[in-house]
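Structure assessment
Here is what each chain is made of, one letter per residue.
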Amino acid sequence: KKYNVAILGATGAVGQEFLNLIEERNFPFAELKLLASKRSAGKKIQFMGKEYTVEEATDASFEGVDIALFAGGAASKTFAPAAVKAGAVVIDNSSAFRMDPEVPLVVPEVNPEAIASHKGIIANPNCSTIIMVMALKPLYDVSKIKRIVVSTYQAVSGGGKEAMAELEEQVKAINEGREVVANILPGASLAKHYQIAFNLIPQIDVFKENLYTKEEMKMIDETKKIMSDDSLRITATTVRVPVYRSHAESVNVEFEDEISVEKAREVLAAFPGVTLTDNPDEQVYPMPLETSGKDDVEVGRIRKDYSIDNGLNFWVCGDQIRKGAALNALQIAEYMIEHDMF
Ligand SMILES: O=C(O)CCCc1cccc(C(=O)O)c1C(=O)O
């Protein structure tokens, strides 16, 4: 069986990755519609030997569409109702519906059982959340998690193509002795912008009343929903780093019971979508340059946290555009096809 697919936000970094993955994974599509804002409409995209013209998204765009892949951003809130009404299943990479009790928030390797309760929209979690829960799930199955402390080192790709271009341009300007310009990071709509080249910016998205950023609160709130455990104690610090495509995260976990490093390595190595990259004797550990372009998240630096009972530390890296966004969303659609849920 083949499915009529629409990609909303087809011209952005995530939209482009959807196309790469649809081809690479032989996703069974019949018709393919590329939708974007008025600004990008009319753009021609070559895909699998055919030329597609990007159309401006309207409510009518979703007639006859079976699977609507939303790359993210504000358009999701605008068009999700019409897409659902047209009978499409929306897999939305934006935060618009993630915390809606009617909307499953899914990482297919972690909580696939949540998909069945969908009412037309399935939410793709925030990239940093996806990457972290891929490592947490196999460990949680061994012993219930009490508390998580995570610090992230997030690639500029999370700020979109423009943020990637900004890093590249700043490095060039520095090498050529030209003035360094910052217009995008830490966020295009924020009042102040800072150089990211050779710098770290401890702000991703806006600050909330509680002095956390939206990105930090997403990791906290979304992880509880995905793990179905509101008793989880989580704190997060999310930082922008001068890396192109992969996010890295330092995670500290306190469990109910002790888990040995050996046991942790065993269950992580066995978990689909995770690669164990952990051998200090050989200086082997995950690095963003290595995980970019790959499907799996990689886990290493696994060690006991001797400062508490039943604690472990680990380091996890994953491609933010791939498993952090487009791959996870496409895997949700693949799961639904495999389990005949359309
Ligand atoms: O910056 C990063 O490294 C990740 C940010 C991802 C992101 C960017 C803009 C808007 C949203 C959003 O949907 O709210 C999201 C999201 O939460 O997926």
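Note that the structure is a prediction, hence the values are computed from the model and not measured. (Residues numbered from 1 in each chain as written. Predicted model: local features only at pLDDT ≥ 70, side-chain atom pairs only at ≥ 80, totals over all residues. Heavy atoms only, no water.)

Looking at the pairing of strand 3 (residues 44-47)
What counts here: Burial status follows relative accessibility: with a 1.4 Å probe on protein chains alone, a residue under 20% of its type maximum counts as buried, one over 50% as exposed, and anything between as partly exposed. Under the DSSP-based scheme used, a helix requires at least four consecutive residues in state H or I and a strand at least two consecutive residues in state E, with every element numbered from the N terminus. Between any two strands, pairing holds if DSSP finds at least two bridges.
Burial along strand 3 is one-sided: the residues Ile45 and Phe47 are buried and none of Lys44 and Gln46 is. Pairing analysis gives four bridges linking strand 3 to strand 4 (residues 50-53), with the strands arranged antiparallel. Note on strand 4: the bridge partner recorded for Gln46 is Glu51. In sequence, strand 3 turns back onto strand 4 through a hairpin of two residues, with Met48 there showing a positive phi of about 50°.

Re the sheet that holds strand 7 (residues 89-92)
Heads up, the rule is: Pairs of residues are marked as contacts when any of their non-hydrogen atoms sit within 4.5 Å. Angular values range over 0 to 180 degrees, each being the angle between N-to-C directions of two axes fitted as lines to C-alpha atoms, with helices fitted over their stretch in contact.
Read across the sheet, six strands follow the order 5-2-1-6-7-8 without closing on themselves; strand pairing throughout is parallel. Across the chains shown, the open sheet's two edge strands, defined by having one partner strand only, are strand 5 (55-56) and strand 8 (121-123). In the sheet, strand 6 (residues 67-70) pairs with strand 7 via four bridges, with the strands oriented parallel. Residue Ile67 lies in a different strand from strand 7, and its bridge partner there is Val89. Strands strand 1 (3-8), strand 6, strand 7 and strand 8 of the sheet are contacted by helix 8 (residues 322-338), whose axis makes an angle of about 150° with strand 7.

Here's the deal with unusual backbone geometry
Backbone phi values are negative for most residues with the exception of glycine, while trans is the configuration of most peptide bonds. Following Leu185, the chain continues to Pro186 via a peptide bond in cis, the omega torsion being 10°. Its location among the elements puts Pro186 in the loop between helix 4 (161-175) and helix 5 (214-226). Within the chain, Phe198 stands out as a residue other than glycine whose phi angle is a positive 60°. The topology assignment puts Phe198 in the loop between helix 4 and helix 5. Positive phi is not limited to glycine here, since Asn310 has a value of about 55°.

Here's the deal with the domain arrangement of the protein chain
Many descriptions give the size of an interface as the accessible area lost when the pieces come together. Put simply, the rule is: Here the limits of each domain have been adopted from an automatic or database domain assignment. Between Lys or Arg on one side and Asp or Glu on the other, a salt bridge is scored when a side-chain nitrogen of the former is within 4 Å of a carboxyl oxygen of the latter. Counting of polar contacts relies on pairs of N or O atoms within 3.5 Å, with two restrictions inside protein: one atom must be capable of donating a hydrogen and the other of accepting it, and residues adjacent in sequence are counted only when both atoms are side-chain atoms. Throughout this entry, Asp, Glu, Lys and Arg are counted as charged residues, while Ala, Val, Leu, Ile, Met, Phe, Trp, Tyr, Cys and Pro are counted as nonpolar. The remaining residues, Gly among them, count as polar.
Segmenting the protein chain into domains produces domain 1 (3-124 + 325-338) and domain 2 (129-320). Here the C-alpha centroids of domain 1 and domain 2 sit 25 Å apart. Residue-level contacts link 23 residues of domain 1 with 17 residues of domain 2. Our count for the domain 1 to domain 2 interface comes out at three salt bridges. Taken together, domain 1 and domain 2 are joined by seven residue pairs in polar contact (both at pLDDT 80 or more). Every element with two or more residues in the side of domain 1 that touches domain 2 is listed here: helix 1 (13-24) and helix 8. For the side of domain 1 that touches domain 2, the leading source of residues is helix 1, giving four residues. In terms of residue class, the side of domain 1 that touches domain 2 is built from 10 nonpolar, six polar and seven charged.

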